[in-house]
Every structure is written in C-alpha cells, then in structure tokens.
Amino acid sequence: MFDLVLRRATLPDGRKGVDIGVKDGRIAAVAPELAGEAGSEIDATGRLVTPPFVDAHFHMDSTLSYGLPRVNQSGTLLEGIALWGELKPQLVQEAIVERALAYCDWAVARGLLAIRSHVDVCDPRLLAVEALLEVRKRVAPYLDLQLVAFPQDGVLRSPGTGERLKRALDMGVDVVGGIPHFERTMADGAASVRLLCEIAAERGLLVDMHCDESDDPLSRHVETLAYEAQRLGMQGRVTGSHLTSMHSMDNYYVSKLIPLMAEADLGVIANPLINITLQGRHDTYPKRRGMTRVPELMAAGLTVAFGHDCVMDPWYPLGSGDMLEVAHMGLHVGQMTGQAGMAACFDAVTVNPAKLLHLEGYGLEPGCNADLVVLQAGSPVEAIRTRAARLLVLRRGRVISRCAPVQAELDLPGRPASVSFTTPVV
C-alpha cells in the first residue's frame, strides 16, 4: 500500500500519464496507472511534476536587507560590497535569522527546497555564521540549506579572515568559498585559490568560489581553480561561480580554458539576474551582457547551474525566490531559445544544481525523496515561459504549500470566459 499516489503527471523528460507512488517519504514506484491502495491520491491532471527547484548560489545573510544602511545608487558590485561593509557592524543576529526565515518561506512557496548560501566570515564576531547555522537547523524539516564560508573582503586582503574561515568550518559550515578577483593583486588571487582549495582538500569538503566576477578579460583565476582541482584530486568537487570575465575574453584563450575546466570536472554557476545587472556598468555602447558562456560550457560537458544570488539586498533591489524567473533570464541572455536550450535552462535550476550540491535522494526515480512540485504547466518550456504557479509543493510526500491556479476571468463578446496563459493539457 502507498501512502500517496500522484496520478496522471507529466514528467520533465516528456513522459505523460505517469503515476508516482510514495511510501515512507520516498518515491516507491513511477509508472502509468499504478495499481494498489493508497492512503490518499492527488490528480495532477496532466500537469508537470518535477523535483524541487535548487538554488546553487545565494547570499542569505544579506537577503531582504534592501535600503540598509542606504540604497545602492550606482547599482555597481563595488558599491554593494561597500554598503555591506557599512551594514556589517550594525547587524543583529535575531534580525538576520528572521529575514532568512522569511525568505525560506518564500522559497518553499516557490517550490525551492534546496539552497546553497554563501555566508560572510570576515566579521570577527562570525555573527552571520551563527545566525545561518541556526536557520539551517530550523528549516531542516522542509528545506536543505548548505552553507559556504565566504571571505567577502578577501581571505588574504582582510587580516585574520583565514582563521575565521577555519573557525566557521569547525562550527559546521559545509563548503569552502573564496573571492580571488577581490584580492589586492592577481598573484594574491592565485595564492588565495591555492590556499582555500588546500583547506578544503585537507578537510574533505567541497569548494565553491566566487571567481572572476569582473568585466576584465585578464581576470583568469578560474584557470588556477581548475589547476588546483586537478592537482589536489578534487575533480567533481570544485565549482566556480559567476565567471563573468569569460564573457569578455577572446575566443582563442577560451578555446584553451574550457577544455582545462572540463578536465578538472569543474562545476559552473551563472547568476543571470545579477550578472546582467552588475556587469557592463563601465560600458557605454556596445554594452556587454556579462553572463558567462553558458551554452559553450554546457556543450563541453560541464555541469552548469543557475543561481538567484541576491534578493532585495545591497546588490539587487528585486527578486522573489523564483528560480523560473532566473531560468527565464538565463535563457534570454544566453540566447538559448531552441527547444534543447530551453530545456537545458530548466535543468540549470533543478537537476544540475542538485548535482553540484551533491544532494542525496534528489530526483524522480524509485528510492528518491518524495520532494515534488506540481506546476501549472505541461512542460519545462511552458513552465519557464509562464513562470508557472506552484500548485503543490511536497516534502517527503507531505504537501507543505498550495497555490490556486492562475486564471483571468474575461468578459469579451464571443470569447472564452477565462484564460490561463497555458496550452491545453492533452
């Protein structure tokens, strides 16, 4: 007997009329017309059912702090960093916790059940680290929160940060981060990559480094990151986030760089909303888009994920925790409007980030966790196009969020009484 059967689902791979049987919080069977009794049933009526969305790159310690201590008037990355530096001494642990928990509520309602958040370790108090460790514990029943020890001001540039980073890891932070392009020199940046990768290797941890978040085509720390991943035998455990300088690099150098990254099995995270907002600020026209070379990296076999990065913080005044909005922007910026490209953008907010986070039990196969999202769409492409409503969100087989279908009532002569912006489900 199943605890729950979700009937007549459409899966992201295109299979239709599929039933998903759930037992003890896990997927027990996936097949058309599952036989057997069930404690309860849900009719998906042909709508898309997917594993939950995953945000591979976020900053939860700063989320929902927009306007504190003031607004980023220039809209630049560097003013955002300066603003965060002004805000840090004023931070109160309880406020960080409450803002983060509020954001996690948004995330659940959006079907976003796994987030990798960078947390600043430059503050001698490690206030944000303590706050997000508390948040991680409190949201664990319904959301997987993975934390990255992030030296926002540079592990070498900011005195004492190396020891604070190690202390954060001792406290239970999961992943080693870095920001080599913000160190004082290119040489210091390369040295920071080496140092941080060695710390991760020694502790058996993953690496996720802000890398080359710049319009400078000579910012090439991803090359060092790929080298260190190979030297230390960390293939498949190291990720480069942003990599926006690749957008400005010449094709000859990139033709060498991408194979090096592939040899290291380097993960890649682009942040379409923020990359296109912060990069190219020094350009007049033509103005660079800023996002890294997503189609080329995917074509080379690298695992490429998208992150939301920021929501209402010193760097970005918008956002709502919607990974379909992120995929929608990534699709446009990357000019990935073919069917395969659009499907790849859906993967970039689901299966790809799940792989980079090394999430256990993620997927739609028997044995996976029964973490599921029912969307008001008939396909991944339609879900991106409409930023589909998350009709149901399930965690371990239990419905934790519901949303009514989006529908507009019309009063037009000779026309239908309502419109939902989706194509008919067959």
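Keep in mind that this is a model prediction, so the values were computed, not measured.

Participant: It is not clear to me how the sheet that holds strand β9 (residues 175-176) should be interpreted in this structure. Could you clarify?
Facilitator: Across a sheet, strands are paired by hydrogen bonds formed along the backbone, either parallel or antiparallel in direction. Across the sheet, eight strands lie side by side as β6-β7-β8-β9-β10-β11-β12-β13; this open sheet has parallel pairing. The open sheet has two edge strands with one neighbour each: β6 (53-58) and β13 (304-306). Note that strand β8 (residues 144-150) and β9 share two bridges and pair parallel. Bridge pairing links alanine 149 to valine 176 in β9. In this fold helix α3 (residues 127-139) packs onto β7 (112-120) and β8, with an angle of close to 165 degrees to the strand it touches most, β8. Against the sheet, helix α6 (residues 221-231) makes contact with β10 (206-211) and β11 (238-242), and its axis sits at roughly 170 degrees relative to β10, the strand it touches most.

Participant: Is there a simple way to think about the side chain of aspartate 215 in this case?
Facilitator: Inspection of the secondary structure puts aspartate 215 in the loop between β10 and α6. Buried charged residue aspartate 215 carries no salt bridge. Nearest counter-charge: arginine 288, at 4.4 Å. If we skip the residues at most four places from it in the chain, aspartate 215 touches Ser248, Gln279, Gly280, Arg281 and Arg288.

Participant: I keep staring at the packing of aromatic side chains and nothing clicks. Help me out?
Facilitator: Geometrically, a pair of aromatic rings is defined through the distance of the ring centres and the angle of the planes. Within this structure, the stated rule accounts for four aromatic pairs. Here phenylalanine 58 and tyrosine 103 contribute two aromatic rings whose centre-to-centre distance is 4.5 Å and whose plane-to-plane angle is 15 degrees, an arrangement assigned as stacked. You can see phenylalanine 58 sitting in strand β6 and its partner tyrosine 103 sitting in helix α2 (residues 93-109), a full 45 residues away along the chain. For the pair shown, phenylalanine 58 and tyrosine 103 are each scored as buried. Centre to centre, the rings of tryptophan 84 and tryptophan 315 are 6.4 Å apart; their planes meet at 45 degrees, and the pair counts as tilted.

Participant: Help me understand helix α10 (residues 323-333), please; the structure alone is not making it clear to me.
Facilitator: One full turn of an α-helix is made of 3.6 residues, so residues set three or four places apart face in the same direction. Taken together, the buried positions of α10 are occupied by Met323, Leu324, Val326, Ala327, Gly330, Leu331 and Val333. Measuring from the side-chain oxygen of the N-cap residue of α10 to the backbone nitrogen of leucine 324 gives 2.9 Å; that N-cap residue is aspartate 322. Where α10 ends, the next residue or the one after it, glutamine 335, has phi of about 55 degrees, a positive value.

The rules behind the values
Residues numbered from 1 in each chain as written. Predicted model: local features only at pLDDT ≥ 70, side-chain atom pairs only at ≥ 80, totals over all residues. Heavy atoms only, no water. Pairing = 2+ DSSP bridges. Helix = DSSP H or I, 4+ residues; strand = E, 2+ residues; numbered from the N terminus. Contact = heavy atoms within 4.5 Å. Axes fitted to C-alpha atoms, helices over the stretch in contact; angles between N-to-C directions. Buried < 20%, exposed > 50% of the residue type's maximum accessible area, 1.4 Å probe, protein only. Lys, Arg positive; Asp, Glu negative; His and termini not counted. Salt bridge = Lys/Arg side-chain N within 4 Å of Asp/Glu carboxyl O. Phe/Tyr/Trp six-rings, centres within 6.5 Å; stacked < 30°, edge-to-face > 60°. Polar contact = N/O pair within 3.5 Å; in protein donor to acceptor, adjacent residues only side chain to side chain.

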